[in-house]
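Next come the chains, spelled out residue by residue.
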Amino acid sequence: MSRLAADFEQYDGLGLAELIRKKEVSPGEVLAATLERIDTRNPAVNAVVMRMDEQARGAIRAGLPDGPFKGVPYLLKDLGVLYTGTITSFGSRLYANYTADHDSEIVARLKRAGLVIAGKTNTPEMGIAPSTEPRLFGPTRNPWKLTHSAGGSSGGAAAAVAIGMLPMAHATDGGGSIRIPASACGLFGLKPTRARNPAGPDAGEGWSGASIGHAVTWSVRDSAALLDATAGPDVGDPYWAPPMARPFLHEVGRDPGRLRIALTVTPWIEGPVDPECAEAARAAARLCASLGHHIEEARPQIDEAAWLQATLTIVTASLTFALETRAAALGRILKEDDVEPITWQRVQLGRSLSAADYARAIHTVHRTGRVVARFLETHDVLLTPTMAKPPHPLGVLSLSTTDPAAFMAARSASVGFTSLFNSSGHPAMSVPLGMSQSGLPLGVQFAARFGDEATLFRLASQLEAAQPWKDRRPGDPA
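First, a word on what this report is: a plain description of the structure on this page. This is a predicted model, so every value here is computed, not measured.

### As for unusual backbone geometry
The step from G152 to S153 runs through a cis peptide bond, and the omega angle for that step is 10 degrees. Backbone geometry at F90 places phi at a positive 55 degrees, although glycine is not the residue there. Turning to its location among the elements, F90 is positioned in the loop between β2 (73–77) and α5 (105–112). Positive phi is not limited to glycine here, since W207 has a value of about 50 degrees. Along the polypeptide, W207 turns up in the loop between β7 (188–191) and β8 (212–217).

Below, the structure written as structure tokens:
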């Protein structure tokens, strides 16, 4: 046990699973090491908002499936996925007692992979902010700088992994919510192709196809192996992602060939781009060129105003539906004090929308997706900064802010590069290649053709080998 306590952070998820498979450590010892880290490190960052120690121990006692991650601890995001007998709060007081009577399909698949689910991580209310500062649980702090945001909406997951509680954690992405916290916390974060992972059995899709779940990880290979374990349609899904040619883990380390990479540092939501973020992308382009890839500056040209309005319509309509449905289940009408101020503003907008507004929005995002798809017929990969600014100080992106204008500017800076690929459904990843002068990580985003996570995993593993990031970790937050 002492050896594991000293060396725990040297192992990714597959590495821990290999130790267990060789019987060098037991699942109970690995869980104990993780719980000890949650005990000692969570107070600094407020990443884990629900402990599931007894469920985790019970799963080990019952006998774990012989999957690729047998005995490896894992955390679920407190949004969008259900675990029988536990609360999923969505970061909202309205859902504070919402207890599941079944597992989500992706949770069932994670269990079959042998993962030991040990808790749930913090998220902003209903996942609608790119920072994790819910009124319900309080803010998650960035392990690299405790006064700053860990990103959102999967900020709790990213902070837990970055501070070394465990090597990977569940995350979801509806506008950048995997890639933004991965960027803010110095992790690898891949948003899969639309419908690659299931959303059921309670939903066929999230935010009209914009949202999908996966993970934040230290290593590229963990992300690939996790996706192998969870990918594929569920019974009754409305549509499927294209099947992969081989397991994603087999793509890791495979030669990506000479890729045609388009570079842009101009976001699709108008606003300034911090020079450090732009330089991180340009430095990544130079690294890619040194690896033999062809780089040219180019970007898909979309109707940005129409697309932005469409995404706002879809998210607010979906949000209003979810909150009003929950209030009705509680036997009452949704009220202003049920939710945070920015959330309530979105509900008011949602209530003002018409059926034609929603239909127009769907038409717009589909048209936008075709523009992106045509662009990627002549380019293999599109390279951008992940965020237009380094992580913001806490408070700016709180849904309870008293400065909505500052919130909107910071939100645009967070999602201006990422949200397009939620609308189009293309896979996109944030790779931790940059650092700001103030000591905060800066991610770089790569997007690929629909269904082509394989190219991203090949490129990411090449970049990981060329510029390793796993040993670049935050210091003691105390």
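### Structural notes on helix α8 (residues 220–230)
With 8 of 11 residues buried, α8 lies mostly within the body of the structure. Regarding α8, its N-cap is S219, as a side-chain oxygen of that residue lies 3.2 Å from the backbone nitrogen of D222 further along.

### Focus: the pairing of β8
For β8, a buried count of 6 out of 6 residues is recorded, marking the element as mostly surrounded by other parts of the structure. As paired elements, strand β6 (residues 168–173) and β8 share 6 bridges and run antiparallel to each other. Bridge pairing in β8 links A169 to V216. By the bridge criterion, 3 bridges tie β7 to β8 in an arrangement that is antiparallel. From the neighbouring strand, G189 faces β8, where its bridge partner is V216.

### Considerations on the sheet that holds β7
On the basis of which strands lie adjacent, the open sheet formed by 8 strands has the order β6-β8-β7-β12-β13-β11-β9-β10 and mixed pairing. Every other strand in the sheet has two partners, leaving β6 and β10 (294–297) as the edge strands with one partner each. Strand-to-strand twist in this sheet, taken as the mean axis angle between neighbours without regard to direction, amounts to 25 degrees. Where helix α15 (residues 453–466) meets the sheet, its contacts fall on β7, β11 (381–385), β12 (428–435) and β13 (441–448), and the angle it forms with β12 comes to roughly 15 degrees.

Thresholds, definitions, all that
- Residues numbered from 1 in each chain as written.
- Predicted model: local features only at pLDDT ≥ 70, side-chain atom pairs only at ≥ 80, totals over all residues.
- Heavy atoms only, no water.
- Helix = DSSP H or I, 4+ residues; strand = E, 2+ residues; numbered from the N terminus.
- Buried < 20%, exposed > 50% of the residue type's maximum accessible area, 1.4 Å probe, protein only.
- Polar contact = N/O pair within 3.5 Å; in protein donor to acceptor, adjacent residues only side chain to side chain.
- Pairing = 2+ DSSP bridges.
- Axes fitted to C-alpha atoms, helices over the stretch in contact; angles between N-to-C directions.
- Contact = heavy atoms within 4.5 Å.

Everything listed here is a matter of coordinates, which is why it stays silent on function.
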